[in-house]
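Residues per chain, in single letters:
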Number of protein chains: 2
Amino acid sequence: MRFLHTADWHIGRRLHGFDLREEQQFAFQQIEQIALQEKVDGIIVAGDLYDRSLPSEESVATLNQMLRQLNLQDKLPLYVISGNHDSATRLGTGQEWYTTTQFYLHTDLQQALTPIELTDTQIFLVPYFEPFAARQLFKDDSLHNLQSTMHLLITKMKQQFVPHKKHILVAHFFVSGSTKSDSETALTIGGLAPISADLLQDFDYVALGHLHNEAALHLPNARYSGSPVKFSLSEAEQQKGVWIVDTDPLQLTFKPLKMLHDVHQLIGDFETLLSESFYHNLNLQDFFGITLTDKQPIPNVLARLREIYPNIISLERSQNYLMPTKQITDAQIRQRDPLTLLTQVYQDATDSNLTEQQRKWAIKALKQAQNEVK
Amino acid sequence: MRFLHTADWHIGRRLHGFDLREEQQFAFQQIEQIALQEKVDGIIVAGDLYDRSLPSEESVATLNQMLRQLNLQDKLPLYVISGNHDSATRLGTGQEWYTTTQFYLHTDLQQALTPIELTDTQIFLVPYFEPFAARQLFKDDSLHNLQSTMHLLITKMKQQFVPHKKHILVAHFFVSGSTKSDSETALTIGGLAPISADLLQDFDYVALGHLHNEAALHLPNARYSGSPVKFSLSEAEQQKGVWIVDTDPLQLTFKPLKMLHDVHQLIGDFETLLSESFYHNLNLQDFFGITLTDKQPIPNVLARLREIYPNIISLERSQNYLMPTKQITDAQIRQRDPLTLLTQVYQDATDSNLTEQQRKWAIKALKQAQNEVK
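Chain A appears in an unreviewed UniProt entry as Nuclease SbcCD subunit D from Bombilactobacillus thymidiniphilus. According to the UniProt record, the Subunit (unreviewed entry) comment for chain A is "Heterodimer of SbcC and SbcD." The UniProt entry for chain A carries this comment under Function (unreviewed entry): "SbcCD cleaves DNA hairpin structures. These structures can inhibit DNA replication and are intermediates in certain DNA recombination reactions. The complex acts as a 3'->5' double strand exonuclease that can open hairpins. It also has a 5' single-strand endonuclease activity."

Take a look at the structure:
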């Protein structure tokens, strides 16, 4: 069979204050087109459909529309789990009815043990869960981490393996050895630790969600799809996309997705960044994280950069500009006289000393300030 | 055909801080039993399934379970609309799939014009809507109130009437001439006005939601079901229940619901209310609104009443206790000496004068207080 594997849609997410609705719709339309062109037998969405457990009304309307489009319009079977960003209860609403059109949505751990039975494939949908859910379900107080719980779960799954069928696992967790981006929420809080890759070896394919970079893990039989949209500056260089998974024989093909507005890291001095020769090849409506290499102060720096780059998602100086001030303690600052401090700050910020004229101005200004205090 | 008509479940509602979950579950179980015993052809829920547009996870789980129970377990067709307390978008999630099991949930005004077609009945489900939704749908900026919009809607519905069928309207609004309780949110905000009863005359039955008292309106062909649970002290004397609606010929039978914990208004003096002979016939776990007729101050009055009545939802004095103090202005108060004021307050609160001994104590206490200020 042939599946499309995606995950981490994070509907409702913002990128440093910028709305990502249009980006997400643009990615969704490509995913739909790929699914139809590749004539897949179903779409796997491995968790984090919403960005928040309490999505806005608009996010609810958006996701509802996407799921309707794929399942009711395009008649594509859907295999979906809730992720750590979803509220299992809210996302799970209606799931008992969805199965009538082959839309399988698992949000409760107990459902993980009942595979979806296709002619030649069994799909185990394991929603994201907290260890206490496993302790409750299995009445076993020793289940304190993900590794031991998944070991138990997978043992129980394997007891249900129909030998001649292919076995697909859909899950949302961190597999040890994977590399992270900045935009995933840590799952290690609350006793959860990464699970080891060898646990996954008995499945023909493991469709993973949680990490936003498809390159985070490349096992022969296990992949993250990554998110369809870039959610942080650290993802600037990542290629977003979805996997087309042929099961017999196993063949994995990565289908890249175009970004409506891409995310870039720009590093350079202020003058260069504002010169037309530098930016004339850029799509200026893209999202930019800017690191300035300048050492001197620049008045209204953000406003002036925004005249060229309206969608700036971060602005930093390369390390030289800020580092030195961190090396002075509060106690040291209090012991120094104002002129020494001012001289030091100027030196830290610009890597050069006050000129004699600047020094005179500084003395005059400080004297004036002190008189005003008295 | 035979329907059960209920409305205004308000899942998630609290009664002066007290959780109503158990009350609502208790009422739900009775509704289910009545539906099964009466062998109804479907259940109508005329809006306000949730109490808030953003229900808690627990409320979502509760309502989901109720709807599953009725539709998937009991195989009862459901005819449901959203009310002014529901978020149409959130409640509407999944509705396209629900119809496969005859669960008809309308949350969008446009859906009102497409009746649910049964063998001998047409059911028009009109979700609660704001006038701007009607202006958008009909591209008619003159639709500024409910009356004109409903007139237009009903005209369009009548064009679709199949003559030999019965016609049922399900709606959530205030029909003029109805009487209100304290627990409904006013619908007159934002340009909505009550609609007149004569608009409803062409329907065989109009199943209304919004008002919590079934007795609010008794037209031959139109009823409120009222809420299944008492949501305010003003509903203490109401009989809660559901309607069994036989359509051919029209016959309306009110089926009362028992309260798990009833709501009562108690009026009496403190001593009487705390005497066993007064309360021994009461269910002390019920909810009580208490009005004390005493005129003198009673220390720790609420705590002492709660020893007998743990679920007090309001505590008031009958008017005599508080009225007189309101008649003194701030300016008057400032002009009087402390002893005069104290005498006046005592007189207002108890309707009697200070005794000579009390007066001596008061003078002594005031002198002491003044010395401490100096």
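*Asks:* Just checking my understanding: could you explain the sheet that holds strand 4 (residues 42–46) of chain A for this structure?
*Replies:* Through backbone hydrogen bonds, the strands of a sheet pair up, either in parallel or in antiparallel fashion. Residue and element names in this part refer to chain A. An order of 6-5-4-1-13-14 is seen for the 6 strands of this open sheet, with the pairing classed as mixed. Each of the sheet's edge strands pairs with one partner strand only, and the pair in question is strand 6 (103–106) and strand 14 (250–256). Each neighbouring strand pair of the sheet contributes to a mean axis angle of 20°, computed without reference to strand direction. In this sheet, strand 4 lies alongside strand 1 (residues 2–6) in parallel orientation, the contact comprising 4 bridges. Across the sheet, F3 pairs through a bridge with G42, a residue of strand 4. Strand contacts of helix 1 (residues 21–37): strand 1, strand 4, strand 13 (241–247) and strand 14, with the helix running at about 170° to strand 1, the strand carrying the most contacts. Across the sheet, helix 2 (residues 57–73) touches strand 4, strand 5 (78–81) and strand 6, and the angle it forms with strand 5 is around 150°.

*Asks:* Whenever I open this one, the packing of helix 1 (residues 21–37) of chain B against helix 2 (residues 57–73) of chain B confuses me. Can you help?
*Replies:* When two helices pack together, you describe them by how their axes are tilted relative to each other and by the distance separating the axes. All names here are of chain B. Look at helix 1 against helix 2: their axes get within 11 Å of each other, and the N-to-C directions meet at 10°. Taken together, the axes of helix 1 and helix 2 are roughly parallel relative to one another. Of the residues in helix 2, those in contact with R21, Q24, Q25, F28 and E32 of helix 1 are E58, T62, M66, Q69 and L70. Of the residues contributing to the contact of helix 1 with helix 2, the split by class is 3 nonpolar, 4 polar and 3 charged.

*Asks:* Before we go on, may I ask you to explain the nonpolar core in this structure?
*Replies:* The nonpolar side chains of a soluble globular protein tend to be buried, and buried together. By size, the foremost hydrophobic cluster in this structure holds 77 residues, and its most contacted members are L4, W9 and I43 of chain A together with L4, W9 and I43 of chain B. With near-sequence residues (within four places) excluded, I43 of chain A lies in contact with L4, T6, A35, L70, L76, P77, L78 and Y79 of chain A. Counting residues in hydrophobic clusters, the runner-up holds 32 residues, among them L113, L153, I195 and L217 of chain A.

*Asks:* Please explain the side chain of R223 of chain A as it appears in this structure.
*Replies:* As for its placement among the helices and strands, R223 of chain A is situated in strand 12 (residues 222–224). Excluding anything up to four places from it in sequence, R223 of chain A contacts H5, Y205, V206, A207, L208, L217, H218, W243 and L252 of chain A.

*Asks:* Would you mind going over the packing of aromatic side chains with me for this structure?
*Replies:* Working definition: an aromatic ring pair is given by the centre-to-centre distance plus the angle between the planes. One pass over the full model with this rule turns up 26 aromatic pairs over all chains. With 5.5 Å between their ring centres and 70° between their planes, F161 of chain B and F203 of chain B make a pair best called edge-to-face. In this pair, F161 of chain B is assigned in the loop between helix 6 (146–158) and strand 9 (166–172) and F203 of chain B in the loop between strand 9 and strand 10 (205–209), connecting sequence segments 42 residues apart. F161 of chain B sits in the buried class, given a relative accessible area of 18%. For F203 of chain B, a relative accessible area of 3% translates into the label buried. Linked through ring pairs, F3, Y79 and Y104 of chain A together constitute an aromatic cluster. Sitting over the ring of W243 of chain B, R223 of chain B keeps its end group 4.9 Å from the ring centre.

*Asks:* Which parts of the structure should I look at to understand the interface of chain B and chain A?
*Replies:* Accessible area lost on assembly of the parts is the figure often given for the size of an interface. On the side of chain A, 22 residues touch chain B, which itself brings 22 residues to the contact. In total, chain B and chain A occlude about 1,900 Å² of area from one another, counting both sides; carbon and sulfur atoms represent 62% of this. A per-residue breakdown of the area chain B buries against chain A is headed by E57, R90 and W97 of chain B, which together make up 36% of the total. Between the two partners, chain B and chain A, sit 2 salt bridges. Here E96 of chain B makes a salt bridge to R68 of chain A, at a shortest N to O gap of 2.9 Å. In this assembly, chain B and chain A are joined by 12 residue pairs in polar contact (both at pLDDT 80 or more). For the side of chain B that touches chain A, the elements supplying multiple residues, two or more each, are helix 2, helix 3 (88–91) and helix 4 (95–98) of chain B. When residues in the side of chain B that touches chain A are grouped by element, the largest group, 8 residues, is from helix 2 of chain B.

*Asks:* When you look at the relation of the copies chain B and chain A in this model, what are you seeing that I'm missing?
*Replies:* To go from the first copy of the chain to the second, apply a rotation about an axis and then a shift along the same axis. With an RMSD of 0.5 Å, chain B superimposes on chain A once it is rotated by 180° and translated 0.1 Å along the axis. Here the two chains are linked by the operation of a two-fold rotation axis. A symmetric contact is evident, with 100% of the interface residues of chain B recurring at the interface of chain A.

*Asks:* Any chance you could explain the pattern of salt bridges here in plain terms?
*Replies:* Opposite charge on two side chains permits pairing when their charged atoms draw close. By the definition in use, this model includes 26 salt bridges over all chains. Its salt-bridge partner being K158 of chain A, residue D202 of chain A comes within 2.4 Å of it at the nearest N-O pair. You can see D202 of chain A sitting in the loop between strand 9 (166–172) and strand 10 (205–209) and its partner K158 of chain A sitting in helix 6 (residues 146–158), a full 44 residues away along the chain. We classify D202 of chain A as partly exposed; its relative accessible area is 34%. Of the charged contacts, one joins K166 of chain B and D248 of chain B as a salt bridge, the two residues approaching to 3.7 Å between their closest N and O atoms. In this pair, K166 of chain B sits in strand 9 while D248 of chain B sits in the loop between strand 13 (241–247) and strand 14 (250–256), placing the two residues 82 residues apart along the sequence. A residue is classified by how much of its surface remains accessible, and K166 of chain B, at 21% relative accessible area, is partly exposed. Overall, D248 of chain B belongs to the exposed group, its relative accessible area being 56%. Connected through salt bridges with shared partners, the residues R2, E38, D246 and K255 of chain A form a single ionic network.

*Asks:* Is there a simple way to think about the sheet that holds strand 5 (residues 78–81) of chain B in this case?
*Replies:* All names here are of chain B. Spatial ordering of the open sheet is given by 6-5-4-1-13-14, a layout of 6 strands whose pairing is mixed. With partners counted over all chains shown, the strands left at the sheet margins are strand 6 (103–106) and strand 14, one partner each. Each strand of the sheet is rotated relative to its neighbour by a mean of 20°, with strand direction disregarded. Contacts from helix 1 reach strand 1 (2–6), strand 4 (42–46), strand 13 and strand 14 within the one sheet, and its direction differs from that of strand 1 by about 170°.

*Asks:* Hey, could you run me through helix 6 of chain A in this one?
*Replies:* Helical geometry note: an α-helix holds 3.6 residues per turn, so side chains three or four residues apart project in the same direction. Residues and elements named next belong to chain A. Its 13 residues give helix 6 an end-to-end C-alpha distance of 18 Å, which sits within 8% of 18 Å, the value for a rise of 1.5 Å per residue. Buried residues of helix 6: L146, T149, M150, L153, I154 and M157, and no others. Summarising the axial view, the buried residues of helix 6 lie within an arc of 125°, below the 170-degree limit, and thus occupy one face. Capping the start of helix 6, N145 holds a side-chain oxygen 3.1 Å from the backbone nitrogen of Q147, two or three residues further along.

*Asks:* Please clarify how the pairing of strand 5 of chain A should be interpreted in this entry.
*Replies:* Each regular strand shows side chains that alternate between the opposite faces of the sheet. Residues and elements named next belong to chain A. Burial along strand 5 is two-sided: L78 and V80 facing one way and Y79 and I81 facing the other are all buried. As defined by bridge partners, strand 4 adjoins strand 5 across 4 bridges and the pair is classed as parallel. What sits directly across from A46, in strand 5, is I81. Traced from strand 4 through helix 2 to strand 5, the parallel crossover comes out right-handed. With 4 bridges joining them, strand 5 and strand 6 adopt parallel strand pairing. Bridge pairing in strand 6 places L78 opposite F103.

Definitions and limits used
Residues numbered from 1 in each chain as written. Chains lettered and ligands numbered in written order. Predicted model: local features only at pLDDT ≥ 70, side-chain atom pairs only at ≥ 80, totals over all residues. Heavy atoms only, no water. UniProt positions renumbered as here; feature names shortened; annotations may be inferred. Pairing = 2+ DSSP bridges. Helix = DSSP H or I, 4+ residues; strand = E, 2+ residues; numbered from the N terminus. Axes fitted to C-alpha atoms, helices over the stretch in contact; angles between N-to-C directions. Contact = heavy atoms within 4.5 Å. Parallel < 35°, antiparallel > 145°, perpendicular 65-115°, else oblique. Nonpolar A, V, L, I, M, F, W, Y, C, P; charged D, E, K, R; others polar. Core = buried A, V, L, I, M, F, W, Y, C linked by side-chain atoms within 4.5 Å. Buried < 20%, exposed > 50% of the residue type's maximum accessible area, 1.4 Å probe, protein only. Phe/Tyr/Trp six-rings, centres within 6.5 Å; stacked < 30°, edge-to-face > 60°. Lys NZ or Arg CZ within 6 Å of the ring centre and 35° of its normal. Buried area = accessible area lost by both parts, 1.4 Å probe. Salt bridge = Lys/Arg side-chain N within 4 Å of Asp/Glu carboxyl O. Polar contact = N/O pair within 3.5 Å; in protein donor to acceptor, adjacent residues only side chain to side chain. Least-squares fit on C-alpha atoms with pLDDT ≥ 70 in both. Expected span 1.5 Å × (residues − 1). Arc of directions from axis to C-beta. Right-handed = clockwise from strand over helix to strand, strands pointing away.

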